[in-house]
Amino acid sequence: MISFTLNGNPVSVEVEEDMPLLWLLRDELKLTGTKFGCGVASCGACTVHIDGAPARACQTWSADVDGTEVTTIEGADSKAAAAIQQAWVELQVPQCGYCQSGQIMSASALLADTPQPTDDDIDAAMDGNLCRCATYARIRKAIHRASEIMEA
């Protein structure tokens, strides 16, 4: 039995300890906002927060989240996440949208820790979040805009 807090709610599930968290979320708990991209933690589509830090759900074993707090895109409701989502819409960041839940989770973790990031801070925090549509300039601009929204 694996017990953890998921999006603010206690959860207990009986699954294999070596089941990737991604499949626990998507297949067992039916939270499909966290996407499968590569399966080797290289693309960032499966990014979630574990105890507030971004983590790749495809390479995190279910047993590793026992006793932790996991936040998925469905539960991203912090001040930083709300600002990111507002900026994403305002600046029309997504094209296809597939990578966006991972992008938003990484960006909101950045802003939670660094409310006024530099371009270098953004590049470092977003490294490993791939966008097939190459909207990187809009993503960076939106993170700066979200920082402004948070200040207001």
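Residues numbered from 1 in each chain as written. Predicted model: local features only at pLDDT ≥ 70, side-chain atom pairs only at ≥ 80, totals over all residues. Heavy atoms only, no water.

*Asks:* Explanation requested: the packing of helix α3 (residues 100-113) against helix α5 (residues 136-151) in the structure shown.
*Replies:* For any two helices packed against each other, one specifies the crossing angle of their axes together with the interaxial distance. One way to put it is that α3 packs onto α5 with a least axis distance of 11 Å and a crossing angle of 45°. Overall, the two elements α3 and α5 adopt an arrangement that is oblique. Considering only the axes of α3 and α5, their crossing is right-handed. Taking contact as the criterion, the partners of Gln103, Ala107, Leu110 and Leu111 in α3 are, on α5, Ile139, Ile143, Ala146, Ser147 and Met150. The residue makeup of the contact of α3 with α5, split by class, is 7 nonpolar, 2 polar and no charged. (Axes fitted to C-alpha atoms, helices over the stretch in contact; angles between N-to-C directions. Helix = DSSP H or I, 4+ residues; strand = E, 2+ residues; numbered from the N terminus. Parallel < 35°, antiparallel > 145°, perpendicular 65-115°, else oblique. Left-handed = near helix turned anticlockwise from the far one by under 90°. Contact = heavy atoms within 4.5 Å. Nonpolar A, V, L, I, M, F, W, Y, C, P; charged D, E, K, R; others polar.)

*Asks:* Explain the nonpolar core to me, please; I cannot follow it from the model alone.
*Replies:* Nonpolar side chains in soluble globular proteins tend to be buried together. Ranked by size, the top nonpolar core spans 22 residues in total, and within it Ile84, Trp88, Leu111 and Ile143 carry the most contacts. For this core, the elements supplying multiple residues, two or more each, are α2 (79-90), α3, α4 (119-126) and α5. Grouped together as the second largest cluster of nonpolar side chains are 20 residues, Val15, Leu24, Cys46 and Val48 included. (Core = buried A, V, L, I, M, F, W, Y, C linked by side-chain atoms within 4.5 Å. Buried < 20%, exposed > 50% of the residue type's maximum accessible area, 1.4 Å probe, protein only.)

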